[in-house]
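Spelled out, the chains give:
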Amino acid sequence: MNSLNELQLDALTEVFSIGAGRAALSLSEIVGDEVRISVPSVQVISSNDISSTTLSLNSGRFGAVSQNFSGPFNAEALLLFTEGQALKIVSDMMNSQMSLEELAEFEHEAMCELGNIILNACLSAMADMLNFTLDSSLPNYTVASADDILTRLKKNTNQPYIMILHIDLAIENQSTAGNLVFLLSSASLTNLVTHIDQFLDPIS
């Protein structure tokens with residue numbers, strides 16, 4: 001198992017788009033303004049094939065919210081934005097006029113909250129639609145270089161597959177792009193595909 005067919009990827013895109021919509025509603029309540037999150041594409045690749053191009057990583061530093069999920073399949077999830085984008089999101093979430101330097105003090109807490117909302121909304125939508133239950137750990141936020149992130153994604157041989165969601169997030173009509181990354185074992189990917197096929201069976 002090293003890939004999903006077009007119908008399976010379309011189903012995942014639909015599932016995660018619903019989750020992104022849920023996350024946008026929750027974030028809209030926090031910031032007091034419209035928030036839009038879209039999921040334009042989903043892909044599953046081998047961790048050996050991951051690259052800075054795949055994740056649109058440049059030479060800068062990135063904010064990464066990580067969270068572990070367990071259930072019928074286990075996954076480590078990462079939400080990635082450039083550090084500058086992360087601080088801008090924090091500013092929008094806090095409706096703040098503070099400088100980026102001042103906002104850095106609140107970056108960890110705000111990004112953990114953002115990641116927790118987005119990751120749990122997407123995974124709960126998947127669990128609801130594919131009919132299973134997932135448990136999650138508390139989120140953690142770190143800032144790292146592109147090389148550090150790629151090394152982290154490649155080094156875990158127990159999770160040789162990576163599912164990538166490219167997302168667009170807009171707060172107050174200012175848009176930014178990021179990635180949701182899920183690290184999966186072979187067994188987890190197989191179990192996920194089984195649930196997708198069960199979901200698709202009545203309509204295929």
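Scoring rules and cut-offs
Residues numbered from 1 in each chain as written. Predicted model: local features only at pLDDT ≥ 70, side-chain atom pairs only at ≥ 80, totals over all residues. Heavy atoms only, no water. Axes fitted to C-alpha atoms, helices over the stretch in contact; angles between N-to-C directions. Helix = DSSP H or I, 4+ residues; strand = E, 2+ residues; numbered from the N terminus. Parallel < 35°, antiparallel > 145°, perpendicular 65-115°, else oblique. Contact = heavy atoms within 4.5 Å. Nonpolar A, V, L, I, M, F, W, Y, C, P; charged D, E, K, R; others polar. Core = buried A, V, L, I, M, F, W, Y, C linked by side-chain atoms within 4.5 Å. Buried < 20%, exposed > 50% of the residue type's maximum accessible area, 1.4 Å probe, protein only. Expected span 1.5 Å × (residues − 1).

This next bit is on the packing of helix α4 (residues 107-130) against helix α6 (residues 186-200). The N-to-C vectors of α4 and α6 enclose an angle of 55°; their axes lie 9 Å apart at closest approach. Regarding the angle of α4 to α6, the classification is oblique. On α6, the residues touching M126, M129 and L130 of α4 are L192, H195, I196 and F199. Per-class residue counts for the contact of α4 with α6 are six nonpolar, one polar and no charged.

Take the nonpolar core next. Ranked by size, the top nonpolar core spans 58 residues in total, and within it F16, L114, I118, M126, M163 and F182 carry the most contacts. Among all residues touching M126, those that are not within four sequence positions of it are L12, V15, F16, F73, N131, F132, M163 and L192. Counting residues in each nonpolar core, the second largest holds 17 residues, with L57, F62, L80 and A146 among its members.

We now examine the environment of Q97. Residue placement: Q97 occurs in the loop between α2 (83-94) and α3 (100-103). For Q97, a relative accessible area of 79% corresponds to the exposed category. Each C-alpha atom of the pair Q97 and A187 lies 47 Å from the other, and the pair is 90 residues apart in sequence.

Before going further, it helps to examine α2. Along an α-helix, residues three or four apart share an orientation, since each turn contains 3.6 residues. Look at α2: 17 Å from first C-alpha to last across twelve residues, which is about the 16 Å you get at 1.5 Å a residue. Looking one or two residues beyond α2, the residue adopting positive phi is N95, at roughly 50°.

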